[in-house]
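Close look at the chain arrangement
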Amino acid sequence: MSNVSTPKLSRRGFCMCCAGLASAGLAGGWLSPREAFAEAHQLVGMIRGAAAKADITTHKLRGSVFVLEGSGGNIAVFAGKQGKVMIDAGITATRAKIEKALSAIGNQPVTYLVNTHWHFDHADGNEWVHAAGAKIVAHDNTKKRLMQTQRVEDWDFSFPPSPAGAIPSETFSTDQRVEYEGCRLNLVCYEAAHTDSDVGVHFTDQNILHTGDTYWNGIYPFIDYSTGGSIDGKIAACAKSLSMADDKTIVIPGHGAPVSNKSELKAFHDMLVSVRDKVAKLKKKGMSVGEVAAARPTAEFDKHWGQFVITPGLFAELVYEGV
Ligand SMILES: [Zn+2]
């Protein structure tokens, strides 16, 4: 385990995307937000330890669809008559609590697992869920990335290749209509956005959309440029999600309060567009990344969006990289 003190966990969970919490206390006031974000060198051990202590909260949505909150990214579960479908698998250290939450929903086995992208806090549990009998379905690039070492610069971490049991056996790179356990799903391929492996899952009969990490509810998002993400891709992904949603759609974000809706997703999209435009104008004037962050291009949004782990300064830097 880490010699870094374990950060306080919120009910939003703690995840790889959220490493800034841990590093904030190490920054000593002289590191840039981005350097501070990467400062905690034992992130994975620390996060696994935190996940082992995390509690899982189950929210019942509608039509036998639930969301489990507390182990990395938000996990959606459909309970069919014969089997369950999971969207994302969380962090392995929380396995026992996830299994308990799954049992409380019903005693069917998990037969399908869809990954929204390759990140650790969404796909770490792949191996045990597969061993328990589930087929893993994901974007082609999730499979590719899980099979090879992945360096994420902003986390200052290289992930080794995943074990064979964690690798998706069915992959795709265009939108798919499938039916698992009697549940009709649209598996939606976003253009590279948070990463280059992003998939949204639309439960068409229940009108529920899991966006993966293309949308974080009420908080500035992480953008993983190391594995193909970009601010423009994030904006395009949100526009695509909005086009699939109506006023009754329940939207499940990758992180943040797990039960959201179209108007909150629209506010997130509009915030991204506004910050992107402001940062692009400042960069065009020749300002450095530090100068742009210091100019506080996110100021009007910070009170609402800047209260979690991606700080206003870090978010400005992430946007700057992509404009
Ligand atoms: Zn992610």
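Anyway, here's the lowdown on the structure attached to this text. (Residues numbered from 1 in each chain as written. Predicted model: local features only at pLDDT ≥ 70, side-chain atom pairs only at ≥ 80, totals over all residues. Heavy atoms only, no water.)

Let's talk about the overall build of the protein
For the protein, the count of helices and strands is twelve helices and 16 strands. Summed over its atoms, the accessible surface of the protein is roughly 12,700 Å², and 51% of this surface lies on carbon and sulfur atoms. (Helix = DSSP H or I, 4+ residues; strand = E, 2+ residues; numbered from the N terminus. Areas by Shrake-Rupley, 256 points an atom, 1.4 Å probe, with all protein chains shown as cover.)

Quick word on the coordination of the zinc ion
Surrounding the zinc ion are the protein donor atoms His-117 (NE2), His-119 (ND1), His-194 (NE2) and Asp-213 (OD), which sit 2.2 to 2.3 Å from the metal. Seen from the zinc ion, its four donor atoms lie at angles of 88 to 178 degrees, and the figure they make is irregular. For the zinc ion, the single-chain donor residues occur in sequence as H-x1-H-x74-H-x18-D. Accessibility classification places His-117 together with His-119 in one group, the buried group. (Donors = N, O, S within 2.8 Å, 3.2 Å for Na, K, Ca; no water. Tetrahedral: all angles 85-135°; square planar, octahedral: opposite > 155°, others 65-115°. Buried < 20%, exposed > 50% of the residue type's maximum accessible area, 1.4 Å probe, protein only.)

Focus: the packing of aromatic side chains
Per the stated rule, a full pass over the model turns up seven aromatic pairs. Look at Trp-118 and Phe-159: their rings are 5.6 Å apart centre to centre, the planes differ by 85 degrees, and that puts the pair in the edge-to-face class. Separated by 41 residues along the polypeptide, Trp-118 in the loop between strand S5 (110-114) and helix H5 (120-123) and Phe-159 in strand S8 (residues 157-159) bring together distant segments of the chain. You'll find Trp-118 and Phe-159 in the same group, each marked buried. (Phe/Tyr/Trp six-rings, centres within 6.5 Å; stacked < 30°, edge-to-face > 60°.)

Thoughts on the sheet that holds strand S10 (residues 176-180)
The strands that make up a sheet are held in pairs by hydrogen bonds between backbone atoms, and each pair lies either parallel or antiparallel. Reading across from one edge, S10-S11-S12-S13-S15 is the order of the five strands in this open sheet, with mixed pairing throughout. In the strand order of this sheet, the two ends are held by S10 and strand S15 (250-252), each with one partner. With strand direction ignored, the average angle separating the axes of adjacent strands in the sheet is 20 degrees. Sheet topology places strand S11 (residues 183-189) next to strand S12 (residues 199-203); five bridges connect them, and they run antiparallel. (Pairing = 2+ DSSP bridges. Axes fitted to C-alpha atoms, helices over the stretch in contact; angles between N-to-C directions.)

A look at the sheet that holds strand S2 (residues 65-69)
The sheet built from seven strands is open, its strands ordered S1-S2-S3-S4-S5-S6-S9 with mixed pairing. In this open sheet, the two strands that pair with only one neighbour each are strand S1 (57-60) and strand S9 (170-172). Neighbour-to-neighbour, the strand axes of the sheet open up by a mean angle of 20 degrees, direction not taken into account. Two elements, strand S3 (residues 75-79) and strand S4 (residues 84-87), share four bridges in a ladder whose sense is antiparallel. Pairing of Phe-78 across the sheet is with Val-85, part of S4. Against the sheet, helix H4 (residues 95-105) engages S1, S2, S3, S4 and S5, with an angle of about 160 degrees to S2. (Contact = heavy atoms within 4.5 Å.)

Focus: the packing of helix H9 (residues 262-284) against helix H12 (residues 312-321)
How two helices pack is summed up by the angle between their axes together with the distance between the axes. Interaxial distance between H9 and H12 falls to 9 Å at its minimum, and their mutual angle equals 70 degrees. Considering their axes alone, H9 and H12 lie roughly perpendicular with respect to each other. The handedness of the crossing between H9 and H12 is right-handed. Side by side, H9 and H12 meet where Met-271, Leu-272, Val-275, Arg-276, Val-279 and Lys-283 of the first sit next to Phe-315, Ala-316, Val-319, Tyr-320 and Glu-321 of the second. Residue classes in the contact of H9 with H12 are distributed as eight nonpolar, no polar and three charged. (Parallel < 35°, antiparallel > 145°, perpendicular 65-115°, else oblique. Left-handed = near helix turned anticlockwise from the far one by under 90°. Nonpolar A, V, L, I, M, F, W, Y, C, P; charged D, E, K, R; others polar.)

Quick look at the pattern of salt bridges
All told, the structure shown has eleven salt bridges when counted by the stated rule. Its salt-bridge partner being Arg-184, residue Asp-205 comes within 2.8 Å of it at the nearest N-O pair. Here the residue Asp-205 occupies a position in the loop between S12 and strand S13 (208-210), and Arg-184 occupies one in strand S11, the gap between them amounting to 21 residues. Judged by its relative accessible area of 46%, Asp-205 is partly exposed. Two residues, Asp-302 and Arg-296, come together in a salt bridge whose shortest N-O distance is 3.3 Å. (Salt bridge = Lys/Arg side-chain N within 4 Å of Asp/Glu carboxyl O.)

Some words on the nonpolar core
Within the largest apolar cluster, 42 residues are counted, with the highest numbers of intra-cluster contacts made by Phe-268, Met-271, Leu-272, Ile-310 and Phe-315. Broken down by secondary-structure element, the contributors of at least two residues to this core are helix H3 (43-53), H5, S8, helix H8 (231-244), H9, helix H11 (299-305) and H12. In this structure, Leu-272 is in contact with Pro-221, Ile-231, Lys-234, Ile-235, Cys-238 and Phe-315, ignoring residues within four places of it in sequence. The next biggest cluster of nonpolar side chains, apart from the first, holds 22 residues, and it includes Ala-76, Tyr-180, Val-201 and Ile-250. (Core = buried A, V, L, I, M, F, W, Y, C linked by side-chain atoms within 4.5 Å.)

Details of the side chain of Lys-234
Structurally, the position occupied by Lys-234 is in helix H8. Within the structure, Lys-234 has its side chain in polar contact with the backbone oxygen of Asp-213 (distance 2.8 Å). Other than its neighbours up to four places away in sequence, Lys-234 contacts Ala-193, His-194, Asp-213, Thr-214, Tyr-215, Pro-221, Phe-222, Ile-223, Phe-268 and Leu-272. (Polar contact = N/O pair within 3.5 Å; in protein donor to acceptor, adjacent residues only side chain to side chain.)

Here's the deal with the environment of Ala-54
Residue placement: Ala-54 occurs in the loop between H3 and S1. Using a relative accessible area of 8% as the deciding quantity, one classes Ala-54 as buried. The spacing of Ala-54 and Gly-72 is 18 residues in sequence and 9.5 Å in space, taken between C-alpha atoms.

Overview of helix H7 (residues 140-147)
Of the residues making up H7, those classed as buried are Asn-141, Thr-142, Arg-145 and Leu-146. The buried side chains of H7 occupy one side of the element, clustering within an arc of 130 degrees when seen end-on. Considering only its buried residues, H7 is in contact with H5, helix H6 (126-131), strand S6 (135-139) and strand S7 (150-152). (Arc of directions from axis to C-beta.)

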